[in-house]
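Architecture and fold: a report
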Amino acid sequence: MPTVGVKRDILFNALGRSYTDEEFDELCFEFGLELDEITSEKEIISREQGDSKASGASDVILYKIDVPANRYDLLCLEGLVRGLQVFKNKLEAPRYRRVSPTTGEVQRLIITKEVGLPHAVAAVLRNITFTKERYDSFIELQEKLHQNVCRSIEDRYKHDPIGRTIETLSSVQEKEPAHEPLQGELTDSHLRHYLHIIEDKPVYPVIYDSNGVVLSMPPIINGDHSKISLTTKNVFIECTATDLTKAKIVLDVMPCIFYCCLYLFLLSCLILPFGLVSQELAYRKEKLTSEFINRKVGISEPTEKIAQLLTRMCLLSQPTGAGDEIEVEIPPTRPDVIHACDIMEDAAIAYGFNNITRTTPRTYTVANQFPINKLTELLRQDLAAAGFTEALNFALCSQEDIADKLGKKISDTRAVHISNPKTAEFQVARTSLLPGLLKTVAANRKMPLPLKLFEISDVVLKDETKDVGARNSRRFCAIYYNKSPGFEVIHGLLDRTMQLLEVKAAREQGYHIQAADDSTFFPGRCAEIFVHGKSVGRLGVLHPDVISRFELSMPCSALEMDIEPFL
């Protein structure tokens, strides 16, 4: 759920009245939002960086408001204010329209044939007036849409085979060959994540104007020539994506949200090479019945009242006269309305969840714990009572942890690999709990001996019989680290665990262990655990090489077994 930060005084001024913190919190709840935090820039910096860094920061009160992830029209102050004013019947929902330039000449965004799949759409806002607050809000909205609609994914636009120069937008403005900005952005923490998209390409994507001046080199950097400022009167907005629908959503929301705050709003129609109109600010209409809404929400309101409730949510509605049917107009700023249930939800919000009469559910359901989780909880209690301390480790680890350090080949581990790991520590899903416990011991070597640890958690294994190609398996692992191996301690823990699981020591109808070879364990000091004739795990003294690879220096015994067969 995205969080929108707005200055309290500016917000109240735009709303036309002041609220106490409690009153505004209640207003947010009524509108389906949540006032998450009341803070200030100084308080945020002080909390995150210390009081010394907060010196000179603003004391202006900030409201941090949680907005539903699909309400893109509420991601900035302007959209939030308009939504609340319409909700409080202080303003009618505005109607948006595309207007051609007064000159009659329509600008075109020409996409060359080299582009391929990615789509590009664009618009122009004309004769606008920015204030400092409105400018900041405009920029922040762009970032919020990038994070929510676009999921922080950059796309490519056009390949430029010409050796152009670009005046980069940075602290030092200087013209350089279009390929050289890549060198400077290799170390930028925000931009380097997108370099892989184009760094190996023979040509780079660019957007340039009719005079051949480069405006940007997506997805890396924008040009100084096209940056906006407080004095900017006409704003060119462009959006590229591999999904044309998402691109149009962004281009609908950006201009429309700022419509009420600009002196004049003009949106140019930009035409693709094939003559397609890229942006229409399209409205659409849906029909549903008041009976459907009343039944789903649990209320009993007349058709006219339901239409009024929906209109308060910026969904202009009116009865059609055909029974209890309602016609609902969906504006271009509400791409979240996909189904009749979305309309029903808005009606429920406008009616007020606290106003819905509480009723006894028609269907009774009784929750119950998963058997595997119940067994896990029972084992945890008794293993702790046996003198072992529980550890909880990451489900992801490095390839080295589950292979090389344990004396195994990665190809034999059936590990699920992460396609784009952020660090070397999180390359694969763990196939064993043992590496995590050994790393825990290594991090606590200064603690008094012996160290007795256990963990009961899932591992992930490839399984072609599953629809996702992998499955989880609940494992139990324990280690004993001391000046002597302490194999008898681990063996005793196995016997106690089997006693708790009510499995007798018997070769056919119970459990037994027999000698086994495993590169992780010391030769001749490893045993395989069998339950009802099926192998469920192993125990033994770890190989000295394994111990040293985890930066340990004393003997260690370990036990790891699958507990799912005991359900």
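Right above here is the structure, for reference.
Residues numbered from 1 in each chain as written. Predicted model: local features only at pLDDT ≥ 70, side-chain atom pairs only at ≥ 80, totals over all residues. Heavy atoms only, no water.

With that settled, consider the overall build of the chain. The helix and strand tally for the chain stands at 15 helices and 24 strands. The 567 residues of the chain split such that 46% are buried. If you take every contact in the chain between residues at least 6 apart in sequence, the share linking residues at least 24 apart comes to 66%. Of the roughly 30,600 Å² of accessible surface on the chain, 50% is carried by carbon and sulfur atoms. (Helix = DSSP H or I, 4+ residues; strand = E, 2+ residues; numbered from the N terminus. Buried < 20%, exposed > 50% of the residue type's maximum accessible area, 1.4 Å probe, protein only. Contact = heavy atoms within 4.5 Å. Areas by Shrake-Rupley, 256 points an atom, 1.4 Å probe, with all protein chains shown as cover.)

On to the packing of aromatic side chains. In total, this model carries nine aromatic pairs according to the counting rule given. Taking 5.9 Å as the distance between ring centres and 70 degrees as the angle between the ring planes, the aromatic pair formed by Phe12 and Tyr63 counts as edge-to-face. With Phe12 in helix 1 (residues 8-15) and Tyr63 in strand 3 (residues 61-66), this residue pair connects regions lying 51 residues apart in the sequence. For the pair formed by Phe12 and Tyr63, the shared burial category is buried. Both rings, one in Phe24 and one in Tyr63, keep their centres 5.1 Å apart while their planes meet at 20 degrees; by these two values the pair is stacked. Linking Phe24 in helix 2 (residues 21-30) with Tyr63 in strand 3, this pair joins segments that are 39 residues apart in sequence. (Phe/Tyr/Trp six-rings, centres within 6.5 Å; stacked < 30°, edge-to-face > 60°.)

Before going further, it helps to examine the pattern of salt bridges. Within this structure, the stated rule accounts for 26 salt bridges. Glu286 is the salt-bridge partner of Arg284, the closest N and O atoms lying 2.6 Å from each other. Across the pair Lys408 and Asp518 runs a salt bridge whose closest N-O atoms are separated by 3.0 Å. You can see Lys408 sitting in the loop between helix 12 (399-402) and strand 18 (428-429) and its partner Asp518 sitting in the loop between strand 21 (511-515) and strand 22 (521-531), a full 110 residues away along the chain. A relative accessible area of 30% means that Lys408 is categorised as partly exposed. When salt bridges with common partners are traced through the structure, they connect Asp401, Lys405, Glu425 and Lys439 into a single cluster. (Salt bridge = Lys/Arg side-chain N within 4 Å of Asp/Glu carboxyl O.)

Here Leu449 and Pro450 are connected by a cis peptide whose omega angle stands at -5 degrees. Even without being a glycine, Asn89 presents a positive backbone phi close to 60 degrees.

The strands making up a sheet associate through backbone hydrogen bonding, with each pair oriented either parallel or antiparallel. Taken together, the three strands give an open sheet; going across it, the order is 1-3-2, and neighbouring strands pair in antiparallel fashion. Looking at strand neighbours, the two that pair on one side only are strand 1 (3-7) and strand 2 (34-40), the edges of this open sheet. The sheet shows a mean angle of 25 degrees between the axes of neighbouring strands, taken without regard to direction. The pairing of strand 1 with strand 3 spans five bridges and is antiparallel. Its bridge partner lying in strand 3, Lys7 is registered against Leu62. Where helix 3 (residues 41-49) meets the sheet, it contacts strand 2 and strand 3, and its direction lies at approximately 85 degrees from that of strand 2. (Pairing = 2+ DSSP bridges. Axes fitted to C-alpha atoms, helices over the stretch in contact; angles between N-to-C directions.)

Spatially, the seven strands line up as an open sheet ordered 16-19-20-24-23-22-21, and their pairing is mixed. Edge positions in the sheet fall to strand 16 (389-390) and strand 21, since each of these pairs with one other strand and no more. Across five bridges, strand 21 lies against strand 22 in antiparallel orientation. Pairing of Gln514 across the sheet is with Glu528, part of strand 22. Sitting on the sheet, helix 11 (residues 371-385) is in contact with strand 16, strand 19 (451-462) and strand 20 (470-481), with an inclination near 160 degrees to strand 19.

Hairpin connection, strand 21 to strand 22: the antiparallel pair is bridged by five residues. The pairing of strand 22 with strand 23 (residues 534-542) spans seven bridges and is classified as antiparallel. Within strand 23, the position partnered with Cys526 by the bridge is Gly540. Here strand 22 folds back onto strand 23 in antiparallel fashion, the turn holding two residues, of which His532 has a positive phi close to 55 degrees.

Core analysis: the biggest nonpolar cluster contains 69 residues, and Leu11, Phe24, Ile65, Phe138, Leu145 and Ile293 have the highest contact counts within it. Not counting the four nearest positions on each side in its chain, Leu11 is found in contact with Val6, Phe24, Tyr63, Leu77 and Val81. (Core = buried A, V, L, I, M, F, W, Y, C linked by side-chain atoms within 4.5 Å.)

On to the packing of helix 1 against helix 4 (residues 77-87). At a closest axis distance of 10 Å, the pairing of helix 1 and helix 4 adopts a crossing angle of 40 degrees. Overall, the two elements helix 1 and helix 4 adopt an arrangement that is oblique. Helix 1 and helix 4 meet at a crossing whose hand is right-handed. Contacts from Ile10, Leu11, Ala14 and Leu15 in helix 1 reach Leu77, Val81, Leu84 and Gln85 in helix 4. (Parallel < 35°, antiparallel > 145°, perpendicular 65-115°, else oblique. Left-handed = near helix turned anticlockwise from the far one by under 90°.)

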